[in-house]
Amino acid sequence: MKRQRHPAMILLGSLGRYRLDVMREVLRNNGDVRIVAGDRSPDGTVKVLNTADLDVWAIRNIYWRNNLLWRRGLPLRRVLSARVLLLDLNPRVAGNWAILLLRRLLRLPTVLWGPPWPRAGSQARSAPVRIFMARLSDGLLGYTDSDAEILRLHHPKKHVRSAPNALYRKCELRYDSSSPRDTFVYVGRLVDEKRVELLVRSAKVLSETRPDLKVVIVGDGPELGHLQMLSTQFGLTNLRFYSHDD
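Since the structure is predicted, the reported quantities are computational estimates derived from the model, not experimental observations.

About the cut-offs
- Residues numbered from 1 in each chain as written.
- Predicted model: local features only at pLDDT ≥ 70, side-chain atom pairs only at ≥ 80, totals over all residues.
- Heavy atoms only, no water.
- Helix = DSSP H or I, 4+ residues; strand = E, 2+ residues; numbered from the N terminus.
- Buried < 20%, exposed > 50% of the residue type's maximum accessible area, 1.4 Å probe, protein only.
- Contact = heavy atoms within 4.5 Å.
- Areas by Shrake-Rupley, 256 points an atom, 1.4 Å probe, with all protein chains shown as cover.
- Pairing = 2+ DSSP bridges.
- Axes fitted to C-alpha atoms, helices over the stretch in contact; angles between N-to-C directions.
- Salt bridge = Lys/Arg side-chain N within 4 Å of Asp/Glu carboxyl O.
- Parallel < 35°, antiparallel > 145°, perpendicular 65-115°, else oblique.
- Nonpolar A, V, L, I, M, F, W, Y, C, P; charged D, E, K, R; others polar.

**Let's talk about the overall build of the protein chain**
Moving on, step 1. Broken down by element type, the protein chain carries eight helices and eleven strands.
Moving on, step 2. Each principal axis of the C-alpha atoms in the protein chain carries an extent, and together these give about 75 × 40 × 35 Å.
Moving on, step 3. The buried share among the 246 residues of the protein chain stands at 39%.
Moving on, step 4. Long-range pairs, those at least 24 residues apart, make up 62% of the contacts in the protein chain between residues at least 6 apart in sequence.
Moving on, step 5. Total accessible area on the protein chain is roughly 15500 Å²; 53% of this is exposed by carbon and sulfur atoms.

See the structure below:
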């Protein structure tokens, strides 16, 4: 009797706009991959988008204290039987620990995708937990080449590659080398850990010597109101805020 071939699966905590083209490329080169993603990030600034061409299976994210994540509606049988499974390298996703251990018992390969360290860096208290989680995997993907080098250093016996979690095509960047470079653009979530306030304060300092400099902030998040108030307080007429849909 021929053994049933299960599809590969990508299980993500959330799927923001910045990851869409990455997933499109994955599907273009691997037709049997299934994508499952949580409906939102902890602060709500990253949400599963209406992407008819991606056929994303959206599930509900439930966050506890310290942003510990549990998923409701997870297709557990399909996840455990996937030929290859890609998970976020994120110890705060409680279910990922059980999935890793169960798939090891089933001898099915699981790959973890993410940065080698938590946001607080290699000295953070949770750094050893992340290292231990990575040891349970069959392979690792870093967001950048430098991430991959760090992962290889700590996990020399693992298969490690780099794979960006965002993809911006050259035609989208619209860079013209002949035009003056007088605009600084930030695109991303407006949350405290991104330190966008530092950009606003820097714009205030630079405006005194470079009044021609323009600053554009594209994004949304809990810090938006505070940043707009700070910009008004500083009298920054050359700073503009836009949402991703503008």
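**Some remarks on the sheet that holds strand β8 (residues 159-162)**
Moving on, step 1. Spatial ordering of the open sheet is given by β4-β3-β2-β1-β5-β6-β7-β8, a layout of eight strands whose pairing is mixed. The sheet is open, and its two edges are formed by β4 (69-72) and β8, each paired on a single side. Ignoring strand direction, the axes of neighbouring strands in this sheet form an average angle of 25°.
Moving on, step 2. Judged from the five bridges that link them, strand β1 (residues 8-12) and strand β2 (residues 33-38) form a sheet pairing that is parallel. Directly across from M9, in β2, lies its bridge partner R34.

**Structural notes on the pattern of salt bridges**
Moving on, step 1. In this structure the tally under the stated criterion is eight salt bridges.
Moving on, step 2. We note a salt bridge from R19 to D88, for which the minimum N-O separation is 3.6 Å. Of the two residues, R19 sits in helix α1 (residues 17-29) while D88 sits in strand β5 (residues 85-88), which places them 69 residues apart along the sequence. Taken as a pair, R19 and D88 share a single burial class, namely buried.
Moving on, step 3. Residue R83 is joined to D32 by a salt bridge in which the shortest nitrogen-to-oxygen separation is 2.9 Å. Here R83 is found in the loop between α2 (76-81) and β5, whereas its partner D32 is found in the loop between α1 and β2, with 51 residues between them in sequence.
Moving on, step 4. In this structure D32 comes out as partly exposed when scored by relative accessible area, which is 30%.

**Concerning the packing of helix α7 (residues 196-207) against helix α8 (residues 224-234)**
Moving on, step 1. Contact geometry for α7 and α8: axes closest at 10 Å, N-to-C directions at 10°. Between α7 and α8, the angle is such that the two are roughly parallel. For the pair α7 and α8, contact is made by V196, E197, V200, R201 and K204 and by H226, L227, L230, S231 and F234, respectively.
Moving on, step 2. Taken together, the residues of the contact of α7 with α8 break down into five nonpolar, two polar and three charged.

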